[in-house]
Amino acid sequence: MNPRQTRFEAGAPERSRSSWSRGFRRGIVALGIVVLAASFRPGPASAAGEIDVSRIRVNDETVYDAKSGSSAFIASFGGQARYALQQLAAFLGVIFDWDPATKEARFIKPEVSLLALSYAGKNDQGALSLYGPFSLVKAGERLERFFVYAEVNNLPEANMDFRLVASAPGRTAAGEFAVVPGTVRLPERGGWIVFEVKNARFGDPGSYRLQLQVKGKATGDRYVTVGEKTIVATR
């Protein structure tokens with residue numbers, strides 16, 4: 001692949017950042033009705049008739065507050081509302097944070113930008129420069145290496161661990177799509193990371209997915225996918 005001569009500085013990349021509109025934030029509960037009606041699996045319940053969630057927030061916006069009146073959606077799950085919300089968060093691919101003291105549930109969607117690049121490196125002034133963003137390759141093409149730039153903001157806490165997981169539409173041999181470094185810890189509630197992907201063989205046509213996953217106390221120390229970049233291999 002011939003890298004495009006595109007160049008820009010980190011912090012202002014071409015991005016397809018997923019922004020949650022106010023309408024979508026308030027519509028998350030409505031979406032939950034559809035999702036949970038088909039997939040809800042009961043968990044341990046609280047006392048009969050007791051709703052075990054006092055407030056629900058999406059990022060910093062309150063979408064449900066027990067003090068201002070009950071929601072039919074929340075009330076329908078009674079003492080299993082928290083488990084229903086956990087399942088909804090897993091379906092949507094967002095972080096679910098639970099405060100047992102206040103019984104407050106929070107859906108957290110970090111702001112994530114992902115770019116696949118021909119090269120990422122520091123310029124003469126020591127600033128990170130990003131070269132050759134791409135989303136398309138030819139099926140059968142092999143790249144010795146390429147880079148993935150990830151910019152993340154609005155994390156629920158500092159010192160969260162990140163990893164990049166690559167998956168292909170067909171079978172891959174050992175050593176293909178090897179990601180370096182394996183994990184990265186961000187000391188703040190936002191920042192950027194550069195991953196190097198080695199020995200990338202786009203043998204079959206289709207979509208090759210690069211998933212950014214995060215782990216921390218807010219995720220229950222398990223990895224949750226918070227962003228995805230797709231590279232399409234065409235014939």
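Heads up: these notes are all about the structure in this document. (Residues numbered from 1 in each chain as written. Predicted model: local features only at pLDDT ≥ 70, side-chain atom pairs only at ≥ 80, totals over all residues. Heavy atoms only, no water.)

The five strands are arranged 8-15-14-10-12 in an open sheet whose pairing can be described as mixed. The sheet is open, and its two edges are formed by strand 8 (136-138) and strand 12 (184-186), each paired on a single side. Averaged over all pairs of adjacent strands, the angle between their axes in this sheet comes to 30°, without regard to strand direction. With nine bridges joining them, strand 14 (residues 206-215) and strand 15 (residues 224-234) adopt antiparallel strand pairing. In the strand pairing of strand 15, Leu 210 is matched with Lys 229. (Pairing = 2+ DSSP bridges. Helix = DSSP H or I, 4+ residues; strand = E, 2+ residues; numbered from the N terminus. Axes fitted to C-alpha atoms, helices over the stretch in contact; angles between N-to-C directions.)

As summarised here, the arrangement of the four strands in space is 3-2-5-4, forming an open sheet in which the pairing is mixed. Every other strand in the sheet has two partners, leaving strand 3 (61-65) and strand 4 (95-99) as the edge strands with one partner each. For this sheet, the mean inter-axis angle between neighbouring strands, taken without regard to orientation, is 20°. As paired elements, strand 4 and strand 5 (residues 104-108) share five bridges and run antiparallel to each other. When the bridges of strand 5 are listed, Asp 97 appears paired with Arg 106. The strands that helix 3 (residues 81-92) touches are strand 2 (55-58), strand 4 and strand 5; relative to strand 4, the one it contacts most, it runs at about 155°. (Contact = heavy atoms within 4.5 Å.)

Moving on to the environment of Gly 93. Within the secondary structure layout, Gly 93 lies in the loop between helix 3 and strand 4. Residues Gly 93 and Gly 227, spaced 134 residues apart in sequence, show a C-alpha to C-alpha distance of 8.7 Å. Once residues within four sequence positions are removed from consideration, Gly 93 is found in contact with Lys 109, Val 224, Thr 225 and Val 226.

Next up on the list: the side chain of Glu 176. Within the secondary structure, Glu 176 is located in the loop between strand 10 (160-167) and strand 11 (178-180). Of note is the side chain of Glu 176, whose polar atom sits 2.7 Å from the side chain of Arg 201. Sequence-distant contacts of Glu 176, that is, excluding residues within four places in its chain, are made with Lys 198, Asn 199 and Arg 201. (Polar contact = N/O pair within 3.5 Å; in protein donor to acceptor, adjacent residues only side chain to side chain.)

Ranked by internal contacts, the top residues of the largest apolar core, which has 33 residues, are Phe 146, Val 148, Phe 162, Phe 202, Leu 212 and Ile 231. When residues of this core are traced back to their parent elements, those giving at least two are strand 6 (111-122), strand 9 (141-153), strand 10, strand 12, strand 13 (191-202), strand 14 and strand 15. (Core = buried A, V, L, I, M, F, W, Y, C linked by side-chain atoms within 4.5 Å. Buried < 20%, exposed > 50% of the residue type's maximum accessible area, 1.4 Å probe, protein only.)

Within the secondary structure, Glu 111 is located in strand 6. For the pair Glu 111 and Asn 153, spaced 42 residues apart in sequence, the C-alpha to C-alpha distance is 5.0 Å.

Right, let's talk about the packing of aromatic side chains for a bit. If you walk through the whole model with that rule in mind, you get nine aromatic pairs. When the centroid spacing of 5.5 Å and the interplanar angle of 80° are considered together, the rings of Tyr 119 and Phe 147 count as edge-to-face. On the criterion of sequence distance, the pair formed by Tyr 119 in strand 6 and Phe 147 in strand 9 is long-range, its members being 28 residues apart. Tyr 119 gets classed as partly exposed once you look at its relative accessible area, which sits at 37%. Note on Phe 147: relative accessible area 6%, which makes it buried. Judged by centre distance (5.6 Å) and plane angle (80°), the rings of Phe 134 and Phe 146 are edge-to-face. With a gap of twelve residues between them, Phe 134 in the loop between strand 7 (128-133) and strand 8 and Phe 146 in strand 9 connect regions that are remote in the sequence. A relative accessible area of 1% means that Phe 146 is categorised as buried. Among the aromatic residues, ring-to-ring pairing joins Phe 134, Phe 146, Phe 177, Phe 202 and Tyr 208 into one connected group. (Phe/Tyr/Trp six-rings, centres within 6.5 Å; stacked < 30°, edge-to-face > 60°.)

A separate point is the pairing of strand 6. In terms of residue burial, strand 6 counts as a mostly covered element, since nine of its twelve residues are buried. Taken together, the seven bridges between strand 6 and strand 9 define a ladder with antiparallel strand orientation. The residue bridging Ser 113 from the neighbouring strand is Glu 151, located in strand 9. Pairing analysis gives five bridges linking strand 6 to strand 7, with the strands arranged antiparallel. Counterpart to Leu 117 in the pairing with strand 7 is Pro 133. Between strand 6 and strand 7, which pair antiparallel and follow one another directly, the connecting turn spans five residues, one of which, Gly 126, has a positive phi of 85°.

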